[in-house]
Amino acid sequence: EAAFVPSTSSTSPTMAAESTLLHSHVASSPEDYVLQLQWHQSAPSLTTLLSNGVAKTLTCAPAELLETQSSQPLQSAPFVDLAVALESNNTVFACQNDGIVLHFDAREPTATSLTTIPSDHAPLSLGCAQDGSFVVVGCEQRKPDAPVYVYDTRQANEPIATLKDSHQDDVVTVNFSHSGSTRFLTGSTDGCVNVHDLSLLEAADLPEDVLVLTAKTSSSIHNTNYFGSADSLLYGVTHDGSLGLWHALPAEDVEQELILWVDSPKTVLDGFGVPTDYIVDAIFNTSSDQLYLLAGDHTGLAHLSHVSMGELTPVCPLLNGHATTVRCCSFSSEHQLLATGDEAATISLWQIK
């Protein structure tokens, strides 16, 4: 059984007493969106992906965010996704919309080509093992399939596995487990979250045999990731704003049963008097072993809610950090720092206590 047990207490959890806005930083022109934020293991520093296709690394100095490096794509093709190899602290992997997969040192401006996915598919998502040993690229659905390409970064000329049948629509998110280097999950607009284990690849008859379980929803997946002790659980946030929790470890039945399903977090939060237009993502605080949901409205007001069994409780507003829709977030449990990015290129940094 997973160590994480959602609280049923009506008392607000310890993480959620207050938030303090430390700094807001405009990373580009206001026409650019902040699409992604990822902390490095030696936080406080993080890498962000902007809608203009440029990746920037920022360092948290006292009361401010400093841009320490800007990494440009090769051949002017924009980045579509990136991932930080946490155990190789400054290594970032990224994929361009032309299919080139790159890696770069977050402290340097120049990226180096690692490989190129087959030209008949367009990349949408990328994830990397925490030690940087594997990179996985998820693709747009082009008939008849939406492949997932798996590369060993030590010999990346050709994929070590091509998963053609695991999804039937766009693969929009890829995330590796923080526990070990072989487990990763993929989320798709086909409504499925698939968990794979590359340790099974050598003995597999088919590449798809590395699939160990599937969590199914009736809506397309927006974000998904591991959480809990040893990454034994996973969550999925759908494009229509639902939230699901599942076990992430192999079971006898590859189709995993739900732990929790919240059909409309927006309705629940509206009932608490918290205006909610959209769900951004979930974050897991390893220090308190608790899961939280970040949501907001289109005026830029955002808030954290605690996810418990059968209950969603607003616990922490994020005030004055944004004036428009928040698109992404990333949380550092070690430093209790939350970074949020919006549709006007603003990145805000929060201390959570």
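Right above here is the structure, for reference.
What counts and how
- Residues numbered from 1 in each chain as written.
- Predicted model: local features only at pLDDT ≥ 70, side-chain atom pairs only at ≥ 80, totals over all residues.
- Heavy atoms only, no water.
- Helix = DSSP H or I, 4+ residues; strand = E, 2+ residues; numbered from the N terminus.
- Contact = heavy atoms within 4.5 Å.
- Polar contact = N/O pair within 3.5 Å; in protein donor to acceptor, adjacent residues only side chain to side chain.
- Pairing = 2+ DSSP bridges.
- Axes fitted to C-alpha atoms, helices over the stretch in contact; angles between N-to-C directions.

Peer 1: Any chance you could explain the environment of threonine 340 here in plain terms?
Peer 2: Here threonine 340 lies in strand S27 (residues 337-342). Sequence-distant contacts of threonine 340, that is, excluding residues within four places in its chain, are made with Leu37, Leu294, Leu318, His322, Val326, Cys328, Cys329, Thr346, Ile347, Ser348 and Trp350. Polar contacts involving the side chain of threonine 340 include one to the side chain of tryptophan 350, which spans 2.9 Å.

Peer 1: Whenever I open this one, the side chain of threonine 325 confuses me. Can you help?
Peer 2: Its location among the elements puts threonine 325 in the loop between strand S25 (311-318) and strand S26 (326-332). Only 2.7 Å separates the side chain of threonine 325 from the side chain of histidine 298, close enough to count as a polar contact.

Peer 1: Quick question: what am I supposed to make of unusual backbone geometry here?
Peer 2: What you tend to see is this: most non-glycine residues have negative phi, and most peptide bonds are trans. Despite not being glycine, asparagine 320 shows a phi value in the positive range, around 70°. Its location among the elements puts asparagine 320 in the loop between S25 and S26. Its identity is not glycine, yet alanine 345 carries a phi of approximately 65°, on the positive side. Secondary-structure assignment places alanine 345 in the loop between S27 and strand S28 (346-352).

Peer 1: I tried to follow the sheet that holds strand S8 (residues 100-105) on my own but got confused; where do I start?
Peer 2: Within a beta sheet, neighbouring strands are joined by backbone hydrogen bonds and run either parallel or antiparallel to one another. Read from one edge of the open sheet, four strands run S6-S7-S8-S9, paired in antiparallel fashion. Looking along the sheet, the strands with just one partner apiece sit at the ends: strand S6 (79-84) and strand S9 (112-116). The average undirected angle you get between the axes of adjacent strands in this sheet is 25°. As paired elements, strand S7 (residues 91-96) and S8 share five bridges and run antiparallel to each other. Directly across from threonine 91, in S8, lies its bridge partner aspartate 105.

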